[in-house]
Amino acid sequence: MKQNVIGDIPSGRTRSCSVLVPAPDFSSYQLYMFSGSTGWDAVYGLSMFVLSIPAFVWKKIDLVNYPNKWGIVDMACTLTPP
């Protein structure tokens, strides 16, 4: 299935960290995507995007001034050496 999305759509990447955060009533979700890389040539250090579901709208987050840190603190990503 292919889902149409709008907004600040992030570029394709691998090795990113994501967490899905539900609304209290489970009527919607926020998918937080942090960092990642395009493979061998570029690394997205401190970048974060949030996908709102079911609206399917991407938004780029300013981490310096972001008031809601829950999407960041709930992440538990680890890097496994090759």
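Residues numbered from 1 in each chain as written. Predicted model: local features only at pLDDT ≥ 70, side-chain atom pairs only at ≥ 80, totals over all residues. Heavy atoms only, no water.

**Q** Looking at this structure, how should I read the pairing of strand 3 (residues 29-34)?
**A** Consecutive side chains of a regular strand alternate in pointing toward one face of the sheet and then the other. With 6 bridges connecting them, strand 2 (residues 17-22) and strand 3 associate as antiparallel partners. Along strand 3, the bridge assignment pairs Val 21 with Gln 30. Taken together, strand 2 and the strand that follows it, strand 3, pair antiparallel across an intervening segment of 6 residues, in which Phe 26 is found at a positive phi of about 60°. (Pairing = 2+ DSSP bridges. Helix = DSSP H or I, 4+ residues; strand = E, 2+ residues; numbered from the N terminus.)

**Q** Is there a simple way to think about the sheet that holds strand 5 (residues 57-61) in this case?
**A** Taken together, the 5 strands give an open sheet; going across it, the order is 1-5-4-3-2, and neighbouring strands pair in mixed fashion. One side of each edge strand has no neighbouring strand; the edge strands of this open sheet are strand 1 (6-7) and strand 2. With 6 bridges joining them, strand 3 and strand 4 (residues 48-53) adopt antiparallel strand pairing. Counted as the bridge partner of Phe 34 is Met 48 from strand 4.

**Q** What should I look at first to understand the side chain of Arg 13 in this one?
**A** By the element assignment, Arg 13 lies in the loop between strand 1 and strand 2. Of note is the side chain of Arg 13, whose polar atom sits 3.3 Å from the backbone oxygen of Ser 11. (Polar contact = N/O pair within 3.5 Å; in protein donor to acceptor, adjacent residues only side chain to side chain.)

**Q** Would you mind showing me how to read unusual backbone geometry here?
**A** Negative phi characterises most residues that are not glycine, and trans characterises most peptide bonds. The residue after Ile 53, namely Pro 54, is reached through a cis peptide bond having omega 20°. Here Phe 26, not a glycine, exhibits a phi torsion of approximately 60°, which is positive. Residue placement: Phe 26 occurs in the loop between strand 2 and strand 3. A positive phi angle, close to 55°, is found at Phe 56, a residue other than glycine. Within the secondary structure, Phe 56 sits in the loop between strand 4 and strand 5.

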